[in-house]
Amino acid sequence: MTVTEAFALDAGRFRSDFPVLTTRSRSGAPLAYLDNAASTQHPAAVIDAIADCYRGYYANVHRGIHTLSEESTERYERARKTVARFLNTEHARELIFTAGTTAAINTVARAWGSANVGEGDHILLTMAEHHANIVPWFQLATQVGAHVHFVPLTDDGRLDLESVARMLDALRPKMFAFTAVSNVLGTVNPVAALVEMARERGSATLVDAAQAAPHGPVDVREWGADFVVFSGHKVCGPTGIGVLYGREAVLDAMPPFLGGGAMIHRVTTRGFEPAPLPEKFEAGTPPITEAIGLEAAVEYLGHVGLEAIGRYERQLVERAEAGLREIPGLEILGPAPEHKAGIVSFAIEGIHAHDIAQWLDTRGIAVRAGHHCAMPLHQSLGITASTRASFYFYNTPDEVDAMVDAVGEARDRFRKRGRKRQ
Amino acid sequence: MTVTEAFALDAGRFRSDFPVLTTRSRSGAPLAYLDNAASTQHPAAVIDAIADCYRGYYANVHRGIHTLSEESTERYERARKTVARFLNTEHARELIFTAGTTAAINTVARAWGSANVGEGDHILLTMAEHHANIVPWFQLATQVGAHVHFVPLTDDGRLDLESVARMLDALRPKMFAFTAVSNVLGTVNPVAALVEMARERGSATLVDAAQAAPHGPVDVREWGADFVVFSGHKVCGPTGIGVLYGREAVLDAMPPFLGGGAMIHRVTTRGFEPAPLPEKFEAGTPPITEAIGLEAAVEYLGHVGLEAIGRYERQLVERAEAGLREIPGLEILGPAPEHKAGIVSFAIEGIHAHDIAQWLDTRGIAVRAGHHCAMPLHQSLGITASTRASFYFYNTPDEVDAMVDAVGEARDRFRKRGRKRQ
Amino acid sequence: MSIDERDIYEEHVLPHYEDPYHRGHCEVATHAHEGDNPLCGDVVRVEIELDDEGRVRQAWFEGDGCTVSQSSASMLMERIEGMTVEELKQFSAEDMLALFQASLTPNRQKCCLLSWRVLQAAMHSPIDGEDEDAEVDSFGGPSLSEES
Amino acid sequence: MSIDERDIYEEHVLPHYEDPYHRGHCEVATHAHEGDNPLCGDVVRVEIELDDEGRVRQAWFEGDGCTVSQSSASMLMERIEGMTVEELKQFSAEDMLALFQASLTPNRQKCCLLSWRVLQAAMHSPIDGEDEDAEVDSFGGPSLSEES
Ligand SMILES: Cc1ncc(COP(=O)(O)O)c(C=O)c1O
Ligand SMILES: Cc1ncc(COP(=O)(O)O)c(C=O)c1O
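Residues numbered from 1 in each chain as written. Chains lettered and ligands numbered in written order. Predicted model: local features only at pLDDT ≥ 70, side-chain atom pairs only at ≥ 80, totals over all residues. Heavy atoms only, no water.

Caption draft 1: Structural view of the interface of chain B and chain A. At the junction of the two partners, chain B supplies 88 residues and chain A supplies 89 residues. For the pairing of chain B and chain A, the buried interface totals around 6,700 Å² over both sides, and the portion due to carbon and sulfur atoms is 61%. Considering only the surface of chain B that becomes buried against chain A, Y54, R55 and I65 of chain B emerge as the three largest contributors, covering 11% of it. The tally of links between chain B and chain A comes to two salt bridges. With a closest N to O distance of 3.4 Å, R55 of chain A and D48 of chain B form a salt bridge. Run the count over chain B and chain A and you get 38 residue pairs in polar contact (both at pLDDT 80 or more). Looking at which element gives the most residues to the side of chain B that touches chain A, the answer is helix α2 (residues 44-57) of chain B, with eight residues. Split into classes, the residues belonging to the side of chain B that touches chain A amount to 43 nonpolar, 33 polar and 12 charged. (Contact = heavy atoms within 4.5 Å. Buried area = accessible area lost by both parts, 1.4 Å probe. Salt bridge = Lys/Arg side-chain N within 4 Å of Asp/Glu carboxyl O. Polar contact = N/O pair within 3.5 Å; in protein donor to acceptor, adjacent residues only side chain to side chain. Helix = DSSP H or I, 4+ residues; strand = E, 2+ residues; numbered from the N terminus. Nonpolar A, V, L, I, M, F, W, Y, C, P; charged D, E, K, R; others polar.)

Next up, the structure:
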């Protein structure tokens, strides 16, 4: 690794925007937060946007004609437009706020699924899906008598387009739901090509962009999918909010999901009529301050620059992998860095992922260990757990180096060396 | 109204805790926020609890073993215990965090409903329900071929226990779902007695406590219902969070609702096994900072004193009604103040609710006008909209008087008096 | 609401509310439509008679709701008589708000634009027996700013 | 983790991990149970032989997982031999954590308590043919503090 390498972005410029990054870990070491695939940290702009709403103009939205309610409503709807622009949707009303990626996928599996998937039908997923993009489809399949299939991965953890085509041809699934970026392997899938292949065979498509939206520009029109989902808390935004994008015609044809206030046009003692988009899919009081916080987050990311974020993370991944490859018995999961977003997962022969993560934590380095909500993927790799370091634009090359060093130490410490009980 | 009346609580002591209450309305008048049934305002303690989490110790919960994740997890689970104590549940694991009351009721209607309600079965509601406690039951009924019925109200807007008994006897419903406090009439229902009547006839019960939890102590064990739900944003807490309490045995027997991470014990390519409570019903990344904010909110309410809040609000209602009754053509909806929580809704012959609310807004007084998500109730009252003033412990007698005066002015202004077009 | 706006209400809005222009039915209507705003319960029905040259000969409305929704409907009926279909189509939401004069918050804009939207829909709803019981439209959705 | 705690790992925990006590099967087991912690994938199976007086004659474990889950299982097996059923029941979660010595965060406590929970369940799972393929328990739920 040459030290003279030019980085796509200067992390130092942004770190001070993130209050948590200035804290120290329990051990006294500075915090190296490398668990961004689980959840990112928050710039002051986001924290302040939420607090400012509660302090200055908070009220319930939509239904009030007093000043506060009008201001909240305006800000909530402005947030919708800002996030819609972030995804380049055609209309703001195609942008539904949900409780998260998981809630968004469940909305599609239940509402779209119950209207479009029947007995004997097929649903196609990939082996790299997060449980959020598996379990709802199992639930649908069980309910209607459909079948769920998984496209296997290549040996280096990528999707093989030939296999996809073969399975699409053989199964003619009603839905092909896949992740844009694997949350374990980091693999970046060719979304537009996959959508195109599915569309040609009459399959609807859902793209899980939970790990894509944080790390590069997303253009739903370029992707062409029927549904695209992501979570606020992975793009420097608040918890409690996610996004469901759906093409207008598809959302219009779908029955509503959750029932309640706001999503209705009229209710009588005999039944109800749903409201038009986007309210149709936003039952009850929506995540108001969360939407306002999410707006601040995507504006902040726009200011950092999503292209640069993606390039920079790849540089960090390259640096990390170069270091990790030196550690005996360590295997890096997934493809070469050029096919990855900012995620490096690995396993060390004979050492449990939790022991590695715990050791790193004593050094102030936060990584994640476990199955990362992708048990089928781990089963297919023949392991039960992996250790994952996931980067964001505020991480520095020094943090990457510290992580690599600490993994080496962990390996030395935990490897078997003939210790005996006393 | 005697001026020497002793109030149960001194609102002035708490107002300065609420930043928004020090703001002025667009017109320059001080803000009188009387729209608390739609959503309450937030003390600094709640706003700070959220910001402190993002600033100091935020990470995704449950799945990480690094320091931040452990701290977040601990705080999230501590919030669960605090809110469980607020409801006096038997176990903390009976307390499920959802996206709101609406999401909580949908969870029951879908998950419990699909397992327990079948063709020809009956579901009993009351005429005073919020759409959140109507539409999900219509959706369930349509799906499985069941029937939804509404207990009518007495002329003064109360539940007649005889009618309830008669309908329970005649229908033997699988579920009796009712609100503890009407969000329009303010009527307080005798929850424990209603639950008892339903249980004796083999009906499950869901209590919508969205308007009860803010205004007095809730004891789910005293109520004895199978399910109790409420929203964070109506108890001085954040948006994006609500609570589903369910008795352990009932929750254990129910299938899960949303599928995804955290709610599973194991996932393979062939299926999944759900996790134990409470995770079983908390798919995906939960509303982490929202739970922490909600904890701060219920702690704050405990400090103000829920008994006192209820008594004080009743005093404000009495004062408001005494004033409003002087206004010609004005009809107060619902029962006498002693049967009410802090809500006064009214209609003025010949004047539209929105015109009244708009006029009040020019005076800095925020009230709500419309059907308040209770269209069937308004239909049964023969009106399309009402004006609602809803109080909280931070409202003052002066604000109530200003509201009454402004309503009188609005009535004078908008009443027909033979104006002619030029 | 400033004192000026209050005056506009007094001089301009409330007279239309109390003494509406052409409130009732148009016996010889060629086009009609009804719509509501479910958030407030405002309802407006518009019935117009176009002459052979496509000019509005008569415009009538019926409805129920707040002063803004009802007085704006009255103003609109008064305004459009004599206009051609082409002119009607070019009569924008902004024109409608200008006609109303009083400044409105986004939510009240919805009330003010209800009759205007119903009118636009009525232009596509010739009365030919079949369309008579066409569904009632609802315009509860986006506010003006989102539309434009 | 302070230097002291690191030493405890070195002197106490890792030796049990590398050189476990009674890892394997108990051919004459009277009670057995298996459990896992799905969050980390740790698995532990405990097999014990009680003698006629209700005393643990032998205790064995099998498992897979992190150092904490596996070494704590080894420590527990070593500790309980000779104990009566009554004593086993009184051996609390706190006792287990004390036996382990090294201080643990709540999540790691779950790892440490896995074998202890499996043991408690094993006491209720006499081997009589029918129970042998009883379902595997999972203890992913509450942390210790919530239990107590
Ligand atoms: C009685 C009642 N039930 C349910 C709800 C719905 O709550 P939410 O909008 O927070 O889901 C409300 C408030 O809007 C309510 O007043
Ligand atoms: C690829 C992917 N999909 C879905 C999810 C679920 O997102 P959430 O937990 O925010 O609902 C995650 C993150 O946990 C993810 O990485």
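There's plenty left to go through after this.
Caption draft 2: Examining the site of ligand 1 more closely. Taken together, 14 residues form the shell around ligand 1, and within it T102, D208, S231, H233 and K234 of chain B come nearest. Near ligand 1, the surrounding residues belong to chains A and B. Between ligand 1 and T285 of chain A, the relevant distance is 2.6 Å, taken from an oxygen atom to a side-chain nitrogen or oxygen of the residue. Between T101 of chain B and ligand 1, the recorded distance is 3.5 Å, taken from a backbone N or O atom to an oxygen atom. (Near = heavy atom within 4 Å.)

Caption draft 3: Main features of the interface of chain D and chain B. Listed as interface residues are 11 residues of chain D and, on the opposing side, 14 residues of chain B. Run the count over chain D and chain B and you get one salt bridge. Of the charged contacts, one joins D36 of chain D and R266 of chain B as a salt bridge, the two residues approaching to 2.8 Å between their closest N and O atoms. Viewed at the interface, chain B and chain D are joined by two residue pairs in polar contact (both at pLDDT 80 or more). Secondary structure elements with two or more residues in the side of chain D that touches chain B: α5 (106-123) and α6 (144-147) of chain D. Of the residues forming the side of chain D that touches chain B, the biggest block, three residues, is contributed by α5 of chain D. Residue classes in the side of chain D that touches chain B are distributed as three nonpolar, five polar and three charged.

Caption draft 4: The arrangement of the state of the cysteines in detail. One pass over the structure, following the stated rule, counts zero disulfides over all chains. Lacking any disulfide linkage, C236 of chain B is separated from the closest cysteine sulfur, that of C53 of chain A, by 15 Å. A relative accessible area of 0% means that C236 of chain B is categorised as buried. (Disulfide = S-S within 2.5 Å. Buried < 20%, exposed > 50% of the residue type's maximum accessible area, 1.4 Å probe, protein only.)

Caption draft 5: View of the pattern of salt bridges. Applying the stated criterion to the full structure yields 61 salt bridges over all chains. D19 of chain D is the salt-bridge partner of R421 of chain A, the closest N and O atoms lying 4.0 Å from each other. Of this pair, R421 of chain A sits in the segment after α14 (397-414) while D19 of chain D sits in the loop between α1 (3-18) and β1 (31-37), each in a different chain. For R421 of chain A, a relative accessible area of 24% puts it in the partly exposed group.

Caption draft 6: Examining the site of ligand 2 more closely. What surrounds ligand 2 is a group of 14 residues, the closest being T102, D208, Q211, S231 and K234 of chain A. Chains contributing residues near ligand 2 are chains A and B. Between T101 of chain A and ligand 2, the recorded distance is 3.5 Å, taken from a backbone N or O atom to an oxygen atom. Of the residues belonging to the shell around ligand 2, the class tally is two nonpolar, 10 polar and two charged.

Caption draft 7: Fine view of the confidence of the model for chain C. Residues and elements named next belong to chain C. In this model, chain C carries a mean pLDDT of 84, and residues with pLDDT of at least 70 account for 82%. For residues 130-135, every residue scores under 50 in pLDDT, and the model assigns this stretch three contacts once sequence neighbours within four places are set aside. Note that pLDDT drops below 50 for residues 140-148; the model gives that stretch 24 contacts with residues more than four away or on any other chain. The complex prediction reports pTM at 0.94, with the ipTM value standing at 0.92. (pLDDT = per-residue confidence, 0-100.)

Caption draft 8: Spotlight on the environment of A11 of chain B. All names here are of chain B. Mapped onto the elements, A11 comes out in the segment before α1 (12-15). A relative accessible area of 3% means that A11 is categorised as buried. Apart from the residues lying within four places of it in its own chain, the contact partners of A11 are Y312, F393, Y394, N395 and T396.

Caption draft 9: Structural view of the packing of aromatic side chains. All names here are of chain B. With the rule as written, the count across this model stands at 32 aromatic pairs over all chains. Taking 5.5 Å as the distance between ring centres and 45° as the angle between the ring planes, the aromatic pair formed by Y54 and Y58 counts as tilted. With 6.2 Å between their ring centres and 35° between their planes, Y300 and F393 make a pair best called tilted. Here the residue Y300 occupies a position in helix α10 (residues 288-304), and F393 occupies one in the loop between β15 (386-390) and α14 (397-414), the gap between them amounting to 93 residues. Side by side, Y300 and F393 carry an identical accessibility label, which is buried. (Phe/Tyr/Trp six-rings, centres within 6.5 Å; stacked < 30°, edge-to-face > 60°.)

Caption draft 10: Layout of the sheet that holds strand β14 (residues 368-370) of chain A. Residues and elements named next belong to chain A. Strand order in the open sheet formed by four strands is β11-β12-β15-β14, and the pairing between neighbours is antiparallel. Edge positions in the sheet fall to β11 (330-332) and β14, since each of these pairs with one other strand and no more. On average, each strand axis in the sheet is inclined to that of its neighbour by 30°, with strand direction left out of account. Both strand β12 (residues 343-348) and strand β15 (residues 386-390) contribute to a ladder of four bridges, which runs antiparallel. For F346, the partnering residue across the bridge sits in β15 and is T387. The strands touched by helix α12 (residues 353-362) within the sheet are β12, β14 and β15, with β14 carrying the most contacts at an inclination of about 165°. (Pairing = 2+ DSSP bridges. Axes fitted to C-alpha atoms, helices over the stretch in contact; angles between N-to-C directions.)

Caption draft 11: Inspection of the arrangement of the chains at higher detail. Here five pairs of chains make contact, and the pair sharing the most contacts is chains A and B. There is a clear gap between chain C and chain D: no contact, and 43 Å between their nearest C-alpha atoms.

Caption draft 12: Representation of the sheet that holds strand β4 (residues 147-151) of chain A within the structure. Residues and elements named next belong to chain A. Strand order in the open sheet formed by seven strands is β2-β8-β7-β6-β5-β3-β4, and the pairing between neighbours is mixed. Each edge of the open sheet is held by one strand with a lone partner, namely β2 (95-98) and β4. On average, each strand axis in the sheet is inclined to that of its neighbour by 20°, with strand direction left out of account. Pairing between strand β7 (residues 227-231) and strand β8 (residues 242-246): five bridges, direction antiparallel.

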